[in-house]
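Structural overview
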Amino acid sequence: MKYTLLYEHAPLFRNDDLDLFLADVELEADICNIPFDEAKTRQLIADLAQQSEGLAIGFLATYPTYGHYDALGREIDVALEIAVIRQD
C-alpha cells in the first residue's frame, strides 16, 4: 500500500509505511490546528484499503484558512484527504 495525504486534491506527502505516515499526518494536523484521532484515521485507511483495486480517497478533515477569501468574500475552507493506492 502507498498512503498519501492530499491538501485540496494535491499531494502533500506519501509513504509506504503506515506508522510513519500516521506520524506525519498527526504533525500536519497539529500544524493546521485541527483535531487528530489516530484510531479513526487508522479505520479510515483500513476502509479505503478494503475498497476496489487501485486508488481510494477518503475525507480526513476540513478547516478554515483564516483570512483567505474567495471572489464572493466568503472565507475559504480547505480539505485534507487520504489516498490509499493498492500495490498488488
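We now turn to the structure provided with this report. A quick note: this is a predicted structure, and the numbers were derived from the prediction, not measured.

Quick look at the overall build of the protein
Looking only at helices and strands, the protein features two helices and four strands. Taking the principal axes of its C-alpha atoms as reference, the protein extends roughly 45 × 25 × 20 Å. Within the protein, buried positions represent 33% of all 88 residues. In the protein, 48% of the contacts between residues at least 6 apart in sequence involve partners at least 24 apart. Accessible area of the protein: about 5,600 Å², with a carbon and sulfur share of 51%. Averaging the coordinates of the 6 positive side-chain charges in the protein and doing the same for the 17 negative ones gives two points 4 Å apart.

What about helix α1 (residues 18-32)?
End to end, α1 covers 21 Å across 15 residues, agreeing with the expected 21 Å (1.5 Å per residue, within 8%). Of the surrounding secondary structure, the elements contacted by the buried residues of α1 are β1 (2-7), β2 (10-15), α2 (38-50), β3 (55-69) and β4 (75-85). N-capping of α1 is provided by Asp17, with a side-chain oxygen placed 3.0 Å from the backbone N of Asp19. Two residues or fewer after α1 comes Asn33, characterised by a positive phi angle close to 60°.

Side note on the sheet that holds β1
Read across the open sheet, the four strands follow the order β2-β1-β4-β3; overall the sheet is antiparallel. Each edge of the open sheet is held by one strand with a lone partner, namely β2 and β3. Mean inter-strand twist for the sheet, computed between neighbouring axes without regard to direction, equals 20°. The sheet contact formed by β1 and β4 spans six bridges and is antiparallel. Within the sheet, the bridge partner assigned to Leu6 lies in β4 and is Glu81. Relative to β2, α1 is tilted by about 140°, and along the sheet it contacts β1, β2, β3 and β4.

Conventions used here
- The numbers attached to residues start from 1 for each chain and follow its sequence in the written order.
- Whole-chain, interface and lining totals are the exception, using all residues; otherwise, since this is a predicted model, local features are given only for residues with pLDDT of at least 70 and side-chain atom pairs are given and counted only at 80 or more.
- Just so you know, side-chain values use all the structure's heavy atoms and leave hydrogens and water out.
- Helix and strand definitions here come from DSSP, where helices need a minimum of 4 consecutive H or I residues and strands a minimum of 2 consecutive E residues; each element is numbered from the N-terminal end.
- Throughout this description, buried means an accessible area under 20% of the type-specific maximum (1.4 Å probe, protein chains only), exposed means over 50%, and partly exposed covers the range between.
- Two residues form a contact once any of their heavy atoms are found within 4.5 Å.
- Method for areas: the Shrake-Rupley scheme with a 1.4 Å probe, in which residue coverage is limited to the protein chains shown.
- Residues counted as positive are Lys and Arg, residues counted as negative are Asp and Glu, and His and the chain ends are not counted.
- In plain terms, the charge of a residue is placed at NZ if it is Lys, CZ if Arg, CG if Asp and CD if Glu.
- Take the number of residues in a helix, subtract one, and multiply by 1.5 Å to get its expected span.
- Polar contact is the term for a pair of N or O atoms within 3.5 Å; when the atoms are in protein, one must be able to donate a hydrogen and the other to accept it, and sequence-neighboring residues count only if both atoms are side-chain atoms.
- Between any two strands, pairing holds if DSSP finds at least two bridges.
- Interaxial angles span 0 to 180 degrees and are taken between N-to-C directions of axes, which are lines fitted to C-alpha atoms, for helices over the stretch in contact.

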